[in-house]
Amino acid sequence: MERTLVLIKPDGVQRGMVGEVVGRFERRGLHLVGLKLMVVERGLAERHYAEHRERPFFEAVIDFISSSPVVAMVWEGPNVVSLVRSMMGPTNPALAAPGTIRGDLGVDIGQNVVHGSDSPARADEEIALFFGPEELVSWERAGSAWIYP
Ligand code: IDP
Ligand code: MG
């Protein structure tokens, strides 16, 4: 069973989109194993976005993700990494299809509502950055056999 890190970014929290975003993953049948509201301090932001250190937008991304609280979540399910990425839509909401989170809720490439890990290996690293093992809960969701046969 795969896991992925999802962040509802500061714009999503400030705009009252927490329930909207969480509800989409719940309705899809994904399994929630971790969730918290938190402020991302700059050190964590820089580790999280380390792959973009040389990019021109790096400072702006660090400023933005640390500017206001985020909701950090871990979701579990078969192929959950790519499934969440397809539900998010592409990085630039202007190119995201209606029906995706970014295509329905965003217009700006910086303020694009959500983050989702881009590979299972990266997901494991990002989950370890944002959550201690004691914060992740193993539980059985009622009716899960009707989602994952
Ligand atoms: P992703 O969030 O779809 O995985 P990445 O390429 O990993 O996209 O970029 C990380 C974040 O950096 C994006 O979600 C977006 O907020 C921001 N970003 C990416 N490219 C640009 C850009 O060209 N201008 C401004 N911000 C960008
Ligand atoms: Mg990325």
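For the structure itself, consult the block above.
Read on for a plain summary of the structure. (Residues numbered from 1 in each chain as written. Chains lettered and ligands numbered in written order. Predicted model: local features only at pLDDT ≥ 70, side-chain atom pairs only at ≥ 80, totals over all residues. Heavy atoms only, no water.)

1. As for the pattern of salt bridges
Phase 1: Per the stated rule, a full pass over the model turns up eight salt bridges.
Phase 2: Arg42 is paired through a salt bridge with Asp63; the nearest N and O atoms lie 2.8 Å apart. A residue pair is termed long-range when its members are at least 10 positions apart, and Arg42 in helix α3 (residues 42-48) and Asp63 in helix α4 (residues 58-65) qualify at 21 residues.
Phase 3: Residue classification places Asp63 among the partly exposed residues on the basis of a relative accessible area of 40%. (Salt bridge = Lys/Arg side-chain N within 4 Å of Asp/Glu carboxyl O. Helix = DSSP H or I, 4+ residues; strand = E, 2+ residues; numbered from the N terminus. Buried < 20%, exposed > 50% of the residue type's maximum accessible area, 1.4 Å probe, protein only.)

2. Notes on the pairing of strand β3 (residues 70-77)
Phase 1: Extensive coverage of β3 is indicated by the burial of eight of its eight residues.
Phase 2: The side-chain alternation of β3 yields two buried faces, one formed by Val70, Ala72, Val74 and Glu76 and the other by Val71, Met73, Trp75 and Gly77.
Phase 3: Judged from the seven bridges that link them, strand β2 (residues 31-38) and β3 form a sheet pairing that is antiparallel. Paired with Leu37 across the bridge in β3 is Val71. (Pairing = 2+ DSSP bridges.)

3. Some words on the site of ligand 1
Phase 1: Surrounding ligand 1, one finds Lys9, Tyr49, His52, Phe57, Val61, Arg85, Thr91, Arg102, Ile109, Gly110 and Asn112.
Phase 2: Side-chain polar atom of Thr91 to an oxygen atom of ligand 1: 2.5 Å apart, as the coordinates give it.
Phase 3: Contacts to ligand 1 include Ile109, whose backbone N or O atom sits 3.1 Å from an oxygen atom. (Near = heavy atom within 4 Å. Polar contact = N/O pair within 3.5 Å; in protein donor to acceptor, adjacent residues only side chain to side chain.)

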